[in-house]
Amino acid sequence: MDFALDAPHEQLRTLARRVAAEALAPRAAAYDREQRFPLEQMAALAERGFLTMLVPKVAGGSGHGSVAYALAMMEMAEACAATSVTMAVTNMVGDAIRAWGSDYLQNKYIPSLHDGRFTAGAFALSEPGAGSDASSLKATAVRKGDRYVLNGNKCWITSGDRAGVILVMAKTDPAAGSKGISAFLVEPEMAGFSVGRHEEKMGIRASSTVTINLEDVEVPVENRVGDEGVGFKIAMRALDGGRIGIGAQAVGIGRAALKAAVEYVGTTPGRADRASVRARLAEMSAELEAARLLVMRAADMKDRGIPFTKQASMAKMFATEAANRATHRALEIVGPDAVDARQAVERFFRDVRVTMIYEGTSEVQRVVIARQVLAEVQ
Ligand code: CAA
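Residues numbered from 1 in each chain as written. Predicted model: local features only at pLDDT ≥ 70, side-chain atom pairs only at ≥ 80, totals over all residues. Heavy atoms only, no water.

Draft legend 1. The arrangement of unusual backbone geometry in detail. In this model, Gln35 sits at a positive phi of 50 degrees, which is unusual for a non-glycine residue. Note on placement: Gln35 falls in the loop between helix H1 (7–34) and helix H2 (39–47). Looking at Gln35, the relative accessible area reads 32%, which means it is partly exposed. Residues other than glycine seldom take positive phi values, yet Glu359 does so here, at roughly 55 degrees. Within the secondary structure layout, Glu359 lies in the loop between helix H9 (339–353) and helix H10 (362–377). (Helix = DSSP H or I, 4+ residues; strand = E, 2+ residues; numbered from the N terminus. Buried < 20%, exposed > 50% of the residue type's maximum accessible area, 1.4 Å probe, protein only.)

Below, the structure written as structure tokens:
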């Protein structure tokens, strides 16, 4: 067993750290304040191949794999959580197209996700009445000759107004439950596609979260991803991988909070001697290290082709909850007087909250883990 990174992963992490420091960190606080979409940051990520890390080079991606992706997500999230979630969803969509899309779809969409012609990719599963209970979604896709006609409303869609391509889940057989769901690649230029409300969020304010309306959107049959009826499986598989990314994002945000707290303690006379401060720092660093190991383990399993659903959910549940505790403790350490440090930690505290919600709430992760654990003993 070797816990050290190999040379290619070390190099990749160094590159990610540099891109994060140069292109993301200097803009993060202002973009958060202004709720300004990180356009230049996404261009910088595309330039370095960070938007298709999970897609092999032969399929048009940068072919880094899941361990590298988790490392990069940690670095990007430490610098700017809002950019990192935009990156995460784009990578998830590319991964799903690679895994389930025809050669035609891979050739059509992956190059534009890779080189930044598409600012981002988006994933449209959730609906106003179907969040955690995703299979109860109501959007429909009715086949008419060589097209499907899509109708429905999707909500909380990251980059839904910025994406060049959106992976949309809709029911082709509404009576068949989760087995009646199919997946489609929708382009924002398609007639009947429109963006509705922009969410006013507590955290990750520079990322874009919108509702999407589909009104008689005609999608060519070739844009169906996989067979009819496998859309729920595609979404769940995509989310398995996505949860590694969000776990990594949480580790990155938690680490930013820990660093801010350590810096404050190190530069404020007398603070480092307080037992309560030391105890908090110890807990934060131990929990974030455990979280990092869980994330890396799930990512490694994915790279090796070993089923990793349980490990991804464990990593997401533990990392997002540990990072929430870490930002909370960092706020307690920094206190009200150190204005600069407090403002930075406040942003981390606001940004980290949603990691326990999107790509499956902590409660959903417990459902997934418990099912697998129970199945293992039967
Ligand atoms: N991989 C492959 N197949 C899977 C799977 C997985 N991980 N999980 C379930 N399936 C399959 C099952 O095997 C089953 O198929 P069979 O009947 O053939 O065996 C089918 O899917 C239905 O599975 P379940 O009975 O488990 O489905 P369920 O309705 O009970 O749902 C759930 C389970 C885990 C709660 C699921 O609904 C879920 O994950 N909900 C959360 C949704 C979510 O994470 N949304 C995030 C939105 S996207 C987002 O946030 C992105 C962003 O913008 C940041």
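Draft legend 2. Local environment of the pairing of strand S5 (residues 181–186). Burial runs high along S5: six of the six residues are buried. Residues of S5 alternate between two faces, with Ile181, Ala183 and Leu185 on one and Ser182, Phe184 and Val186 on the opposite face, all of them buried.

Draft legend 3. Quick look at the site of the ligand. In the vicinity of the ligand lie 25 residues, with Ser132, Thr158, Lys179, Glu359 and Arg371 positioned nearest. Contact distances for the ligand include 2.7 Å between a nitrogen atom and a backbone N or O atom of Ser132. The protein chains hide 75% of the 1,100 Å² of surface that the ligand would expose on its own. If you list the elements that add at least two residues to the shell around the ligand, you get strand S3 (147–158), helix H6 (231–267) and H10. Looking at the shell around the ligand, the element that brings in the most residues is H6, giving seven residues. Looking at side-chain class alone, the shell around the ligand contains ten nonpolar, eight polar and seven charged residues. Each of domain 2 (122–229) and domain 3 (232–376) accounts for three or more of the residues forming the shell around the ligand. (Near = heavy atom within 4 Å. Polar contact = N/O pair within 3.5 Å; in protein donor to acceptor, adjacent residues only side chain to side chain. Areas by Shrake-Rupley, 256 points an atom, 1.4 Å probe, with all protein chains shown as cover. Nonpolar A, V, L, I, M, F, W, Y, C, P; charged D, E, K, R; others polar. Domains from an automatic or database assignment.)

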